[in-house]
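# Structural overview for review
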Amino acid sequence: MPAGHGRALHLAAGRTVRLVNTHGTQVVDCWAWNAADLAEHMSMEASRVWTQRLNPLVGDSFVTTRRRPILTVVEDTSPGVHDTFMAACDCHRYRVLGVEGYHRNCLDNMYEGLAELGLEPPVPILASFNVFMNIAVQPDGRTLLTGPTPCRPGDSISLRAEMDCVVAFSACPQDIVPIQGGAANTPRDAHFEVIDADFSSVPAFPAWVPARR
Ligand SMILES: [Zn+2]
């Protein structure tokens, strides 16, 4: 996945995609849709209700707008710092940041990635899963601090499909707000691969049913 660009893939139920922070400095936005009905998509809002967490751990599933599990975190070799709060960057974000003319952005990357598969999502989704993004809740419990990712080269997260789905990634082009690691805040390449590892030790929904979700 070239720096500042997006890609998408079909992921059959039970298959796992591993997203690699190749250079250790890159934030990657992630979306997922039910392959049979793109009107149903991964929801950060509903997933926080389900997991009761700000930031997923291994074993946590993301759920859709219809409250059905779609992706489960089955492995995470990174420091585990991710974000489910912040809107994906879009053209409007860069205009607000003072950019004149077009700036590549995650929302357009999402559309480009799906277009390469011949797909078009019915609605824009600003609420992406921002993998490797460092948004720290401050001790007052309400203030957020945006920082550079603390990842290391080769850190990865692996996501198992709980339904046949389409997954999109965007190697975030953000080069103004310092979210990418390293002194230069430079967007870099990232990689993903569908893997055949056995993650059966991480239960799939509904084996793990938390109370009062
Ligand atoms: Zn972005």
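Everything numeric in this text was worked out from a predicted model, so none of it was measured. (Residues numbered from 1 in each chain as written. Predicted model: local features only at pLDDT ≥ 70, side-chain atom pairs only at ≥ 80, totals over all residues. Heavy atoms only, no water.)

Let us now look at the overall build of the chain. From N to C terminus, the chain includes three helices and 12 strands. The C-alpha atoms of the chain give a radius of gyration of 16 Å, which matches the 17 Å a tight globule of 213 residues would have. Projecting the C-alpha coordinates of the chain onto the three principal axes gives extents of approximately 50 × 45 × 30 Å. The 213 residues of the chain split such that 49% are buried. Considering only residue pairs separated by 6 or more positions, the chain has 77% of its internal contacts joining residues 24 or more positions apart. (Helix = DSSP H or I, 4+ residues; strand = E, 2+ residues; numbered from the N terminus. Rg over C-alpha atoms; globule rule 2.2 N^0.38 Å. Buried < 20%, exposed > 50% of the residue type's maximum accessible area, 1.4 Å probe, protein only. Contact = heavy atoms within 4.5 Å.)

A separate point is the coordination of the zinc ion. In this structure, Cys-89 (SG), Cys-106 (SG) and Cys-172 (SG) serve as the protein donors to the zinc ion, at separations of 2.2 to 2.3 Å. Spacing between the donor residues of the zinc ion along their common chain follows C-x16-C-x65-C. Of this pair, Cys-89 sits in the loop between β6 (69–76) and α2 (91–96) while Cys-172 sits in the loop between β11 (165–171) and β12 (191–195), placing them 83 residues apart in sequence. The class of Cys-172 is buried, set by a relative accessible area of 4%. (Donors = N, O, S within 2.8 Å, 3.2 Å for Na, K, Ca; no water.)

What follows is about the pairing of strand β4 (residues 37–41). Pairing analysis gives two bridges linking strand β3 (residues 28–34) to β4, with the strands arranged antiparallel. For Asn-34, the partnering residue across the bridge sits in β4 and is Asp-37. A loop of two residues connects β3 with β4, the two strands running antiparallel in sequence. (Pairing = 2+ DSSP bridges.)

The next thing to look at is the environment of Asp-164. Relative to the helices and strands, Asp-164 is located in the loop between β10 (155–161) and β11. Along the primary structure Asp-164 and Ala-12 are separated by 152 residues, whereas in three dimensions their C-alpha atoms are 4.3 Å apart. From its side chain, Asp-164 meets the backbone nitrogen of Ala-13 in a polar contact 2.8 Å long. (Polar contact = N/O pair within 3.5 Å; in protein donor to acceptor, adjacent residues only side chain to side chain.)

This part is about helix α1 (residues 44–51). Looking at α1, one finds that the buried residues are Met-44, Ala-46, Ser-47, Trp-50 and Thr-51. All buried residues of α1 lie within an arc of 160 degrees about the axis, which places them on one face of the element. Against the buried residues of α1 lie β5 (61–63) and β7 (129–131). Directly after α1, the chain includes Gln-52, whose backbone phi takes a positive value near 55 degrees. (Arc of directions from axis to C-beta.)

Despite not being glycine, Arg-67 has its phi angle at roughly 60 degrees, a positive value. The phi angle at Asn-185 is positive, at roughly 50 degrees, despite the residue not being glycine. Here Asn-185 is to be found in the loop between β11 and β12. On the accessibility criterion, Asn-185 (8% relative accessible area) is buried.

The next subject is the UniProt feature "domain: DUF1989" (unreviewed entry) in the chain. Residues given the UniProt feature "domain: DUF1989" (unreviewed entry) here are residues 2–166. The span residues 2–166 is 15% helical and 33% strand by assignment, and the distance between its end C-alpha atoms comes to 19 Å. (UniProt positions renumbered as here; feature names shortened; annotations may be inferred.)

Now for empty space enclosed by the protein. For the structure shown, the criterion picks out two cavities of 30 Å³ or more. Of the volumes computed, that of the largest cavity is approximately 50 Å³. Contributing to the lining of the largest cavity are Ser-47, Arg-48, Thr-51, Arg-53, Asn-55, Pro-56, Asp-60, Ser-61, Phe-62 and Thr-84. Those elements that provide at least two residues to the lining of the largest cavity are α1 and β5. (1 Å grid on protein atoms, 1.4 Å probe; cavity = no way out; pocket = protein on both sides within 12 Å on 5 of 7 lines; lining within 4 Å. Points joined across faces, edges and corners; volume = space filled by probe spheres on them.)

Here we come to the layout of surface pockets. Taken as a whole, the largest pocket holds about 270 Å³ of empty space. Along the wall of the largest pocket there are 17 residues; nearest its centre are Met-86, Ala-87, Cys-89, Arg-93 and Met-133. Looking at the lining of the largest pocket residue by residue, the classes come out as 11 nonpolar, three polar and three charged. (Nonpolar A, V, L, I, M, F, W, Y, C, P; charged D, E, K, R; others polar.)

Another aspect to go through is the pattern of salt bridges. The tally for this structure, following the rule as stated, stands at 10 salt bridges. Arg-68 is the partner of Glu-40 in a salt bridge, and the nearest nitrogen-oxygen pair spans 2.9 Å. Here Glu-40, found in strand β4, pairs with Arg-68, found in the loop between β5 and β6; they are 28 residues apart in sequence, far enough to count as distant. Owing to a relative accessible area of 0%, Glu-40 belongs among the buried residues under this scheme. Two residues, Arg-160 and Glu-162, come together in a salt bridge whose shortest N-O distance is 3.1 Å. Each member of the salt-bridge network shares a partner with another, and the members are Asp-37, Glu-40, Arg-66 and Arg-68. (Salt bridge = Lys/Arg side-chain N within 4 Å of Asp/Glu carboxyl O.)

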